[in-house]
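Listed below, chain by chain, are the residues.
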Amino acid sequence: MKRGNWRDRGRDRRRHGYRSDWQRDSARHRTLSQEQRYGSSETRPSYRDRTPESRPRLDTAAPTPSSSSSSSIPELPGFYFDAEKNRYFRLLPGHNNCNPLTRELLQEREQEKHRARMLTEDEQPRKKAPRAGLNTALLLQKRHLGLLPGNSYCRLIHEVKVSGMKRHKLEVQSSDTSSPNTDNFRLIVGDSACERVFTVNDVSHGGCKYGIMNFRGCSRGSLSVEMCDNLYFTNRKVNSICWASVTHHDSHVLLCLVGMAETPGCVSLLPASLFSNSNPDQPGMLCSFKISTAWSCAWCLNPQADKTFSTGLSRRVIVTDAVTGRRQTYGVGSDVLAQQFALRAPVLFNGCRSGEVFSIDLRQKGRKDHSWKACRFDHDSAITSVRILQDENYLLAADMLGQIKLWDVRVTKPVQQFKGHHNEHAYLPLHVNEAEGLLMAVGQDCYTRIWSLGDGQLLRTIPSPHPAGKDLIPSVVFSSQLGGQRGLPGLLMAVRRDLYYFPYNADYQEGGVVAEVACQRTA
């Protein structure tokens, strides 16, 4: 009898079709899994017999990771799916210099494609309104017939006006043509008449320069811009700006300068005539206050606290008399990032890094505890802007989570929320124009969004004319008469080295006067 080893016995078993128990269980499990996925062998067609639609394909599973339909494509760890090339590609760490392909880079590419697509849509001839056949005359007719309720009528009127704004690039005139503007805009703040705009530009060698641009509007929608010759340079950072009324309305500008290296910070009160091209001999009162690291500032227009301004610092608020220099200090528990005075009463509203919003009544002096807080309420994140409406019972507050809420300060409860704003950690202001019933804010994604102040509906999203960047967030100004009494309502946008103008369409403006009167009567 021939003697065999274990290898021969194994080959004999496979030749005769013998399988062990675990092999039979594994084969049975694979068969059941295939039948559950594709059906039984009697009803399942072969791969060649299947139609192209029924064959399993990778491109029907998922687009790029940033798209909304990414849930239908299997996501492989360490890979991303390119819908155009119909294949997976490997993702590498962000610190890899040879091929830095990361999810962040892919998201930036998708966002840039979306921005370019929106710019193309805005430049193309578009309808006169988001809805076909919608215009101010038709809306006014429907309102007279009782087919539109008051709130819907006002919102649609604003929607028609905002949708008609077209982008125009402005050329800044200057007497010194040999040195054009080569520095990026960082911040622009308009005066109450929006005839002058205070500008802050970053300088390439460090620091910044600031000056005033004069605007002159025309009833046909044109706008001329002239830059003052007297520009001032500083190696310090400008944290906050507001217009101040010392000798007359908007006669001065209040600046909060942050100290750098051996240069201490301060708060400067500069006369606007200092930047005039006429070079006056006596520009007016010029003051500098030793207040370092001020995050915010505000000027009081109430007669009971005449020529008084406030500054928000780390864990305290300082209220200063600009003439006498007398100060009143209030201790708080957090950094004060936003401030604004009420007009009817000398009450200062403050927004803190902790998310707290509280008010200070300047008439209640000498209290050492926190009983001087007239009202207080909280957001979930750091406050970046506070704006008081004409009805001073209501206040708008924005935070670093992108939340914008309208608060009733009498009951300290939010009564409305404006959705769509994007912010994570930037100091972004709010812009309110109650004459037009609009609220505007520029997000950290560099999109300018416009809401209806009445019902909180998002009316329009305007993309930045330049690619988005952390240091390239546009700064905007909106006015009902941009450039003075002859100007039209419109939006002024400064981004990089360019200045853009978004006026109301002239067709809307012709019928907008009657419509606006009817809207005010409805309100």
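Residues numbered from 1 in each chain as written. Predicted model: local features only at pLDDT ≥ 70, side-chain atom pairs only at ≥ 80, totals over all residues. Heavy atoms only, no water.

Per an unreviewed UniProt entry, the protein chain is named WD repeat domain 21, and its organism is Esox lucius.

Draft legend 1. Main features of the environment of leucine 106. Within the fold, leucine 106 resides in helix H3 (residues 103-123). On the accessibility criterion, leucine 106 (10% relative accessible area) is buried. It is 9.9 Å that separates the C-alpha atoms of leucine 106 and leucine 91, two residues lying 15 residues apart in sequence. (Helix = DSSP H or I, 4+ residues; strand = E, 2+ residues; numbered from the N terminus. Buried < 20%, exposed > 50% of the residue type's maximum accessible area, 1.4 Å probe, protein only.)

Draft legend 2. Spotlight on the sheet that holds strand E24 (residues 430-433). The strand order across the open sheet formed by four strands is E24-E25-E26-E27, and the pairing between neighbours is antiparallel. The strands lining the two open edges of the sheet, one partner per strand, are E24 and strand E27 (458-462). In this sheet, neighbouring strand axes are inclined to one another by 15° on average, regardless of whether the strands run parallel or antiparallel. Sheet topology note: the strand E26 (residues 448-452)/E27 ladder contains four bridges and is antiparallel. (Pairing = 2+ DSSP bridges. Axes fitted to C-alpha atoms, helices over the stretch in contact; angles between N-to-C directions.)

Draft legend 3. Structural view of the nonpolar core. Counting 20 residues, the largest nonpolar core has Met165, Leu438, Ile450, Ile462, Phe478, Leu491 and Phe502 as the members making the most contacts within it. Of all elements in the fold, only strand E25 (438-442), E27, strand E28 (475-479), strand E29 (490-495) and strand E30 (498-503) reach the threshold of two or more residues within this core. Those residues in contact with leucine 491 that lie beyond four places of it in its chain are Met440, Thr448, Ile462, Val476, Val477, Phe478, Leu482, Tyr500, Tyr501 and Phe502. Grouped together as the second largest cluster of nonpolar side chains are 18 residues, Val189, Phe198, Val238 and Leu270 included. (Core = buried A, V, L, I, M, F, W, Y, C linked by side-chain atoms within 4.5 Å. Contact = heavy atoms within 4.5 Å.)

Draft legend 4. Representation of the packing of aromatic side chains. Counted by the stated rule, this structure contains 10 aromatic pairs. Centre to centre, the rings of tyrosine 210 and tyrosine 232 are 6.3 Å apart; their planes meet at 10°, and the pair counts as stacked. In this pair, tyrosine 210 is assigned in strand E7 (residues 208-217) and tyrosine 232 in strand E9 (residues 232-234), connecting sequence segments 22 residues apart. With relative accessibility at 9%, the residue tyrosine 210 sits in the buried group. Measuring from centroid to centroid gives 6.4 Å for phenylalanine 418 and tryptophan 451, while their planes differ by 70°, and the two rings are edge-to-face. Remark: tryptophan 451 occurs in strand E26 and phenylalanine 418 occurs in strand E23 (residues 413-418); sequence separation between them is 33 residues. (Phe/Tyr/Trp six-rings, centres within 6.5 Å; stacked < 30°, edge-to-face > 60°.)

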